[in-house]
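# Breakdown of the fold
In case you want the letters, here they are:
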Amino acid sequence: MRYPIGFTMAQARHRSKMERAGHKRYPTVLMLEPLYTCNLACIGCSVERHTGKLKDRMSLETCFKAVDDCGAPIINICGGEPTLYPELKELVEGLIARGKYIIICTNAIKLEEKVFDVIPPSPHLFLMIHLDGMRETHDYVCNRAGVFDKAVDAIRKARERGYYTFINTTVYKETQVEEVEDLCKMVDELNANGILISPGYEYESVDREIFLTKEQIHTKFKKIKDFSPKYRVNATPMFLEFAAGMRELPCAPWSTVNYTPMGWKAPCYLVGDAGFHKEYSSFWNDTNWEYWESRQDHQCQNCKMHSGFEHSAVAEAMKSMKGILQLATWSMSK
Ligand code: SF4
């Protein structure tokens, strides 16, 4: 199975419940950013996400309120670096008690110290380790030597200890597609559970020439799509077709909502200037979803992010028997 059965079923149950209740839009993933503090300053990361002070982190109560307000079954704890959040253990325990599936999105530097032997493995807990290429590229993107070796060692140890462990890779202008395939091979070598591959988003706060144009995304993802059936790639075939420029999809920014130390970020975690809301109700009711779905905003022009489009890719597949079968086969394989 591409993902553990419980995780796949939780998403299917949520989709069916929301649709039976007549909701056209609903969140499935909450990207919870309890802190904007990080032990790295990666070159493709938005500046505000790694320059915050630990004292400005969210309280546990604030995290749980956001989780309860939005009702998403999957909580992606990111930031900032989640392993620096002092209350991570209590946060994970509280989320598991709520029946949520938790993804900890980490650079893995502190995994051994802050997670192993502190938070036990669980079918509800996934470690998502950031690796943006092989040694030289990843250390360049992370702006620090040795991070690649540390992350690979952490993946090996995490698997030995029984944690569900995935690799998350972002494709930039300099990324060689061959290197992405090497990472896919490494998933098998390390016995990791899969790899998520997404094109980098062009943050306005990052003034380096590292991001891809739409045409460059298509060229790289056509090659990635071609070799993906050989590996445990955790993006649906429809999403890869979209990233390769072979189909169009509307955005579904409401499917992956984002709660930050400044509040609910509208419409998604990527867009820089559409504002924050203190309350979930105003975020949900006052955001012009139709506008953002249309991708007409200049900030959406080169966006092909997994978080915005995977929901639409699955919705598109569910419209035909051929799509349903393709999705089921993909989901059961590897
Ligand atoms: S296209 Fe990208 S940037 Fe625009 S709303 Fe969707 S996810 Fe956000």
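For the structure given in this document, a descriptive report is provided here.

Rules used throughout
- Residues numbered from 1 in each chain as written.
- Predicted model: local features only at pLDDT ≥ 70, side-chain atom pairs only at ≥ 80, totals over all residues.
- Helix = DSSP H or I, 4+ residues; strand = E, 2+ residues; numbered from the N terminus.
- Rg over C-alpha atoms; globule rule 2.2 N^0.38 Å.
- Buried ≥ 20, exposed ≤ 12 C-beta atoms within 10 Å, placed from the backbone.
- Contact = placed C-beta atoms within 7 Å.
- Core = buried A, V, L, I, M, F, W, Y, C linked by C-beta atoms within 7 Å.
- Pairing = 2+ DSSP bridges.
- Axes fitted to C-alpha atoms, helices over the stretch in contact; angles between N-to-C directions.

## Topic: the overall build of the protein chain
On a plain count of helices and strands, the protein chain comes out with 13 helices and nine strands. Its C-alpha radius of gyration of 18 Å places the protein chain within 12% of the 20 Å reference for a compact globule of 334 residues. For the C-alpha atoms alone, the extent of the protein chain along its principal axes is close to 45 × 45 × 40 Å. In the protein chain, buried positions account for 43% of the 334 residues. Long-range contacts, defined as pairs at least 24 residues apart, comprise 75% of the intrachain contacts of the protein chain with a sequence gap of at least 6.

## What to know about the nonpolar core
Counting 93 residues, the largest nonpolar core has L30, I77, I102, I129, A151 and I195 as the members making the most contacts within it. Counting residues per element, this core draws most heavily on helix α6 (residues 147-160), which supplies seven residues. For L30, the residues in contact, after removing those within four places along its chain, are A66, V67, C70, A72, I75, N76, V257 and Y259.

## With respect to the sheet that holds strand β2 (residues 74-77)
Across the sheet, nine strands lie side by side as β6-β5-β4-β3-β2-β1-β7-β8-β9; this open sheet has mixed pairing. A strand with exactly one partner marks an edge of an open sheet, and here the two such strands are β6 (194-199) and β9 (276-277). Pairing between strand β1 (residues 29-32) and strand β7 (residues 256-260): four bridges, direction parallel. From the neighbouring strand, L32 faces β7, where its bridge partner is Y259. Contacts between α6 and the sheet are confined to β4 (125-130) and β5 (164-171), with β4 contributing the most and set at about 160° to the helix.

## Some thoughts on unusual backbone geometry
In this model, G79 is joined to G80 through a cis peptide bond whose omega is 20°. Along the polypeptide, G80 turns up in the loop between β2 and α3 (88-97). Of note, the amide linkage connecting A266 to P267 takes the cis form, showing an omega dihedral of -5°. Relative to the assigned elements, P267 resides in the loop between β8 (263-265) and β9.

## Here's the deal with the pairing of β7
Counting buried residues along β7, five of its five residues qualify, which places the element largely inside the surrounding structure. Because side chains alternate across β7, one face comprises the buried residues T256, N258 and T260, and the other comprises V257 and Y259, equally buried.

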